Amino acid sequence: MATTPAASPRLASLKRLWPYIRPYRGLVLLTLVGALAATLVQIAIPLITQHVIDGPIADRNKAGLVPLGLLALAFGVTEAFMFFLRRWAMTKSSLAMERDLRDHIYRHLLRLPVAFHDRWSSGQLLSRATSDVSSIRRFVGFSAIFLVVNIASCLVIMVLLIGIYWPLGVFIAVAAIPLVIVGMRFERRYNLVSRQVQDEQGEVATDVEESVLGIRIIKALGRRDLVFGRFDAKAVRLQQLELGKVKLLAGIWALFELQPQLVLAGLLVGGSFAVAGGAMTIGTLVSFIALFTVMVWPILSIGWLLASTLEASTAADRIFELIDAEATVVDAPGVRERGLLPQPGATVGLRPAARLGAGRLRLEGVGFRYPDATAPVLHDVDLEIAPGETVALVGATGSGKTTLTALIPRLYDVTAGRITIDGFDIRDLPLSQLRSQVATAFEDATLFSMSARENLTLGRPEATDDEVAEAIDVAQASFVHELPWGLDTRLGEQGMSLSGGQRQRLALARAVLGRPTVLVLDDPLSALDVH
């Protein structure tokens, strides 16, 4: 799912980053101070130059050069130290903020319901958690700091220039007006194009991921050219969007490069007339021109910094689309801590949790309708399964069998009726406790890029070796001992180094190892040989 809303008004989404920046505000302030101090040192050098020219050089006083030279040297050493301080504080704060933001996104994605992940493509989620977060890091660590520093530098230098010789200072200020107007127009256009590029990057990432995961199917069907054609169409669209963005950047950068050169030419002409007329000394003119050249870099960088800020703004928009998504399958109010259970049939009052009883499962008038669906998948389902009883649900494809199995561990919440275990409505149980008592083995056995042992104990990390061995025997997954390093063998992404039946046996062993009160099997034996 990719959305491209209108650009947010005036970078409002960037304000929402403050909670992630606040823990490192001291380092951010240190970065800002270091950058400002280094800039002020640069501004001081032209003023020293003016005193050198109009003082010792004009008076042919060689002795007077020594203190001014030492002062310039001290300023140079100070600038180098401030540069080091800025880089250290900037790197430390921005990387820490990036880690916190990425952790928050990942943690929130794990909290979001399955219904959310059904709607969103994995590539869109991946691009938000990687490239968009990196854009935010670059903004916080560099762009935001230097937007403040460069604007402050320009204001300070403008005040100094007007104080040195106001006619030329006013000329510089008036010449900056077109830059402001163009920058405002650029902001609106670039924000929209940047969002389109970021969304298309997510689409390309989705295609790459799906092709890698489905490479066996693609090769088996001989559809490499078809899949590549679909990918190439999106890659071409991404290229076109990127070129459009580059075109906008090229235009703004060209203007910001041209303007200082035109102004400098005007200053040389106007300054020469001022010196000839006695309104300025040569030292004052040199100092004036040197100060303006110090201001050239802030002017030139504004185009790039503005582009980086707008990219960060659209990245923040995309990230907060995820963070703002509501986790609908959550613990009921008042059931916040693991180990608390409501009294059976009561809406208030908690008692210390004991392990659920024998596991009597009851469905009472259960109905379910997927979001945005017009008709329910399940309607008025009544079912009771006694402890120790095994019940098989049989029905046509699409009749709702898998949906029903997903309701018991609350991967989805019922939209009508209720489900109880030992008299407790499962919506009144802490999710952590419910899912430790209800284990599910799916037809599509998902294994992770970790060892066989880690995959088996994923739901119960404290399981002993004997318990692991017992689960392996129950699931007839003894083949795991024949792997190159036994249970310590890494299975690779999705466990694709194993056959379909082997993956299903390991997934079944994982469910059994949890020793659940209720075991839900969604056709987990479809890839197994019948003996």
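All values reported here derive from a predicted model rather than from experimental measurement.

Reading the values: the criteria
Residue positions are given per chain, counting from 1 as you read along its sequence in written order. pLDDT decides what is reported in this predicted model: residues at 70 or higher carry local features, side-chain atom pairs at 80 or more are listed and counted, and totals for whole chains, interfaces and linings draw on all residues regardless. Excluded from the side-chain calculation are hydrogens and water; included are all heavy atoms of the structure. A pairing counts as a salt bridge when a side-chain nitrogen of Lys or Arg comes within 4 Å of a carboxyl oxygen of Asp or Glu. A simple rule labels every residue: compare its accessible area, found with a 1.4 Å probe on the protein chains alone, to the largest value its type can have, and call it buried under 20%, exposed over 50%, or partly exposed in between. Secondary structure elements follow DSSP: runs of H or I no shorter than four residues count as helices, runs of E no shorter than two count as strands, and numbering proceeds from the N terminus. Domain start and end points were adopted from an automatic or database domain assignment. Grouping into patches uses exposed residues only, defined as over 30% relative accessible area, and leaves out salt-bridged ones; the cut-off is 9 Å for like charges and 5 Å for nonpolar side chains (Val, Leu, Ile, Met, Phe, Trp, Tyr). Throughout, the Shrake-Rupley method with a 1.4 Å probe supplies accessible areas, and for residues the shown protein chains are the sole cover considered. When charges are counted, neither His nor the chain ends are considered; positive counts come from Lys and Arg and negative counts from Asp and Glu. The atom standing in for a charge is NZ when the residue is Lys, CZ when it is Arg, CG when it is Asp and CD when it is Glu.

**Focus on the pattern of salt bridges**
Side-chain pairs of opposite charge can arise whenever the charged atoms involved come near each other.
In step 1: Enumeration over the complete set of coordinates arrives at 27 salt bridges.
In step 2: The partner of aspartate 100 in a salt bridge is arginine 99, and the shortest N-O contact between them spans 3.1 Å.
In step 3: When its relative accessible area of 47% is taken as the criterion, arginine 99 is described as partly exposed.
In step 4: The partner of lysine 234 in a salt bridge is glutamate 203, with the nearest N and O atoms 3.7 Å apart. Of this pair, lysine 234 sits in helix α10 (residues 224–276) while glutamate 203 sits in helix α8 (residues 177–213); the two residues are 31 residues apart in sequence, bridging distant segments of the chain.
In step 5: Its relative accessible area of 24% is what places lysine 234 among the partly exposed residues.
In step 6: Each of the salt bridges in this network shares a partner with another, and the network as a whole consists of Arg128, Asp132, Arg195, Asp199, Arg318 and Glu321.

**Quick look at the domain arrangement of the chain**
In step 1: According to the domain assignment, the chain contains domain 1 (11–165 + 280–324) and domain 2 (361–521).
In step 2: Centre-to-centre, using C-alpha coordinates, domain 1 lies 52 Å away from domain 2.

**Topic: a positive patch on the surface**
In step 1: On the surface, Arg185, Arg188, Arg189 and Lys247 cluster together into a patch of positive charge.
In step 2: Looking at the positive patch, the element that brings in the most residues is α8, giving 3 residues.
In step 3: Mapped onto the secondary structure, arginine 188 falls in helix α8.
In step 4: By relative accessible area, arginine 188 is classed as partly exposed at 48%.

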